[in-house]
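# Fold and geometry: a report
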Amino acid sequence: MGEEEIPARTAMRIVHDELLMDGTPALNLASFVTTYMEEEAEKLMMENLNKNFIDLEEYPACGEIETRCVNMIARLLNAPLDKPDSEAVGVSTIGSSEAIILSVLAAKRRWQDARKAAGKPWDKPNIVMNSAVQVCWEKAARYLEVEERYWYCSVDKYTIDPQEAVELCDENTILVCAILGSTYTGEYEDVKTLNDLLLKKNEAEGLNIHIHVDAASGGFVAPFVKPDLVWDFRLPLVCGINVSGHKYGLAYAGVGWALWRSKEYLPESILFTINYLGSPQVSFTLNFSKSAVQVIGQYYQLLRLGKAGYHAIMKNLTTTADFLAESILAIGNGEKFVLMSKTGGDGLPLVAWRLKNEEKYDEFAIARRLRTRGWIVPAYTMAPKASEIKLLRVVVREDFSRHRCETFIRDLREAVTRLDETPQEVIDHAKKVHDDDRMREVTRKMKHFHQEKHSLQGKHGKTHGVC
Ligand SMILES: *Cc1c(COP(=O)(O)O)cnc(C)c1O
């Protein structure tokens, strides 16, 4: 920190110029997180930047807005709210990660309470999940000391096998996680079959295992694109769902939602009634203070778009993703690439693909080549036990228009042609230079830890690169 003040204009200029080194959010095809909102939404957010969401006594309208959002989203996900005065059970969070940690905590406590009441051991809880879960599930399990019990992907199947998942469950299982929209391929897991098989097992063995659906991305897509797909609270064993408001909820980064089927799934013992400036408030969050603007941005979108607006946008994204998939497959007379994601709305509006044949370059080289045109496209390896598979992925967001999509296809075609023409030694050299640069960067940033395995890598070496 400098000893003296500097003028506001100078400070602004310095920060502004430093931030020019960042990539352009609209060209970041790696992320699910919203990069475009209307001016009116941005204006509302600016107007409310100085509000702390937790001060509900002073900002009661913010609290009311959160409750309305929870009720709208719970109804969208078919929560059983049939009585006129039924109130949905849910909270706003910073994102799906906080929602998932809270949901695992609630499930663990509920399981422990039941085990204690029955006089049974309650020290070995486990969660059954796909090894392709987002890294926050590993985080939740480890922070909360719950055994991670994995169903492993294979080279040709990336969505959990319901039968095998149910076989992994026992009396110590606090939840089964189902993913509605995998971060790897965008595929939806078969929650309905999982529900039906688990119902049978619960009945046969006197168990009471429930399902939590990680609908971080799919929660705002499937209800509009595939309304007949039954994956949500319509299934009796689905006790909780998380969605990221800042993904297909179309709000800027910093908002997610955790929802529960009913109060019964949220044990009293983890709710805090705080006496804030004279009035009691029930709180279930990991942190105290946070900005109010993300919830306000979410409310704006729900109000502004309505079901018809979300439907139109999600349909449009699906059409763009299908067009992109078809165009990628057409490169090299259909001999270059294989599609790894679904089309026609059977998965998220994203395209994941890989090289069909052994080439002198790999998916990472294509990603580097696209980077020179400004596109940020992640290349990554599949989940554990299928990690020899490499993929490229483009997430279709609202600001990825048909026109931008066509420009991208042109650049991808060009990148592939260039790589085909480039001699092997040149490609190998470029890779080496890139790897050396990355290593140098890592060493510089993490001098103290650089020989260690970083804890945030997760057990399976997952990073936040795929988010
Ligand atoms: C993005 C994502 C998460 C994490 O959500 P955040 O909102 O980024 O915290 C969890 N699960 C899945 C399936 C995701 O796609």
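Residues numbered from 1 in each chain as written. Predicted model: local features only at pLDDT ≥ 70, side-chain atom pairs only at ≥ 80, totals over all residues. Heavy atoms only, no water.

The name an unreviewed UniProt entry gives the protein is Glutamate decarboxylase, with Sphaerobolus stellatus as the organism. As its UniProt record puts it under Cofactor (unreviewed entry), the protein is described as follows: "pyridoxal 5'-phosphate". Looking at the protein in UniProt, the text filed under Sequence similarities (unreviewed entry) is "Belongs to the group II decarboxylase family." (UniProt positions renumbered as here; feature names shortened; annotations may be inferred.)

### Quick word on the site of the ligand
Around the ligand sit 15 residues, and of these Ser97, Asp214, Ser244, His246 and Lys247 come closest. Here a nitrogen atom of the ligand and a side-chain polar atom of Asp214 are 2.7 Å apart. Separating an oxygen atom of the ligand from a side-chain N or O atom of Lys247 is a distance of 2.7 Å. Look at the ligand: alone it shows 380 Å² of surface, and the protein chains cover 91% of it. With three residues, helix H4 (residues 96-117) is the single largest residue contributor to the shell around the ligand. Per-class residue counts for the shell around the ligand are four nonpolar, nine polar and two charged. (Near = heavy atom within 4 Å. Polar contact = N/O pair within 3.5 Å; in protein donor to acceptor, adjacent residues only side chain to side chain. Areas by Shrake-Rupley, 256 points an atom, 1.4 Å probe, with all protein chains shown as cover. Helix = DSSP H or I, 4+ residues; strand = E, 2+ residues; numbered from the N terminus. Nonpolar A, V, L, I, M, F, W, Y, C, P; charged D, E, K, R; others polar.)

### Some words on the UniProt feature "modified residue: N6-(pyridoxal phosphate)lysine" (unreviewed entry) in the protein
The UniProt record annotates "modified residue: N6-(pyridoxal phosphate)lysine" (unreviewed entry) at Lys247. Mapped onto the elements, Lys247 comes out in the loop between strand E6 (238-244) and strand E7 (256-260). Accessibility expressed as a relative area gives 10% for Lys247, which makes it buried. (Buried < 20%, exposed > 50% of the residue type's maximum accessible area, 1.4 Å probe, protein only.)

### Observations regarding the pattern of salt bridges
All chains considered together, the criterion is met by 26 salt bridges. Of the charged contacts, one joins Glu64 and Arg68 as a salt bridge, the two residues approaching to 3.4 Å between their closest N and O atoms. In this pair, Glu64 and Arg68 both sit in helix H3 (residues 60-76), four residues apart, roughly one turn of the helix. With relative accessibility at 37%, the residue Arg68 sits in the partly exposed group. (Salt bridge = Lys/Arg side-chain N within 4 Å of Asp/Glu carboxyl O.)

### Digging into the side chain of Thr159
Following the sequence through the fold, Thr159 ends up in the loop between strand E3 (147-151) and helix H6 (162-168). In contact with Thr159, other than residues within four places in its own chain, are Asn130, Trp151, Glu187, Tyr188 and Glu189. (Contact = heavy atoms within 4.5 Å.)

### What to know about the side chain of Asn242
Structurally, the position occupied by Asn242 is in strand E6. In terms of polar contacts, Asn242 uses its side chain to reach the side chain of His212, at 2.8 Å. A polar contact is formed between the side chain of Asn242 and the side chain of Asp214, at a distance of 3.0 Å. When neighbours within four sequence positions are excluded, Asn242 is seen to be in contact with Ser96, Ala99, Ile100, His212, Val213, Asp214, Ala215, Ala216 and Trp257.

### A short note on the layout of surface pockets
It is the rolling of a water-molecule-sized probe over the atoms that shows where space remains empty. Considering only enclosed or pocket space, the second largest pocket measures out at about 910 Å³ in volume. Ala88, Val89, Gly90, Val91 and Val282 are the residues nearest the centre of the second largest pocket, which is lined by 34 residues in total. Where the lining of the second largest pocket is concerned, the elements lending two or more residues are H3, strand E1 (89-93) and strand E9 (279-283). Its residues assigned to classes, the lining of the second largest pocket shows 16 nonpolar, 10 polar and eight charged. (1 Å grid on protein atoms, 1.4 Å probe; cavity = no way out; pocket = protein on both sides within 12 Å on 5 of 7 lines; lining within 4 Å. Points joined across faces, edges and corners; volume = space filled by probe spheres on them.)

### Some points on the sheet that holds strand E10 (residues 337-339)
The four strands are arranged E10-E11-E13-E12 in an open sheet whose pairing can be described as antiparallel. Among the strands making up the open sheet, the edge pair consists of E10 and strand E12 (379-381). Across this sheet, the average inter-strand angle for adjacent strands is 40°, counted without regard to direction. Pairing of E12 with strand E13 (residues 390-395), which is carried by three bridges, proceeds in the antiparallel orientation. Residue pairing for E13: Ala379 is matched across the bridge by Leu392. Of the strands in this sheet, E10, strand E11 (350-355), E12 and E13 touch helix H10 (residues 363-371), which is tilted by about 35° from E13. (Pairing = 2+ DSSP bridges. Axes fitted to C-alpha atoms, helices over the stretch in contact; angles between N-to-C directions.)

### With respect to the domain arrangement of the protein
Segmenting the protein into domains produces domain 1 (46-301) and domain 2 (307-460). Relative placement of domain 1 and domain 2: their C-alpha centres are 29 Å apart. At the interface, 33 residues of domain 1 touch 38 residues of domain 2. A buried area of about 2,900 Å², summed over both sides, lies between domain 1 and domain 2, and 65% of it is on carbon and sulfur atoms. Taken as a group, Tyr184, Phe224 and Tyr248 account for 24% of the area that domain 1 buries against domain 2, more than any other trio of residues on that side. At the junction of domain 1 with domain 2, the criterion picks out two salt bridges. For the salt bridge of Asp346 with Lys226, the shortest nitrogen-to-oxygen distance reads 3.2 Å. Summed over the shared surface of domain 1 and domain 2, the number is six residue pairs in polar contact (both at pLDDT 80 or more). When contributions to the side of domain 1 that touches domain 2 are tallied by element, the ones reaching two or more residues are helix H5 (135-143), E3, helix H8 (222-225) and helix H9 (293-330). No other element matches H5, which puts four residues into the side of domain 1 that touches domain 2. (Domains from an automatic or database assignment. Buried area = accessible area lost by both parts, 1.4 Å probe.)

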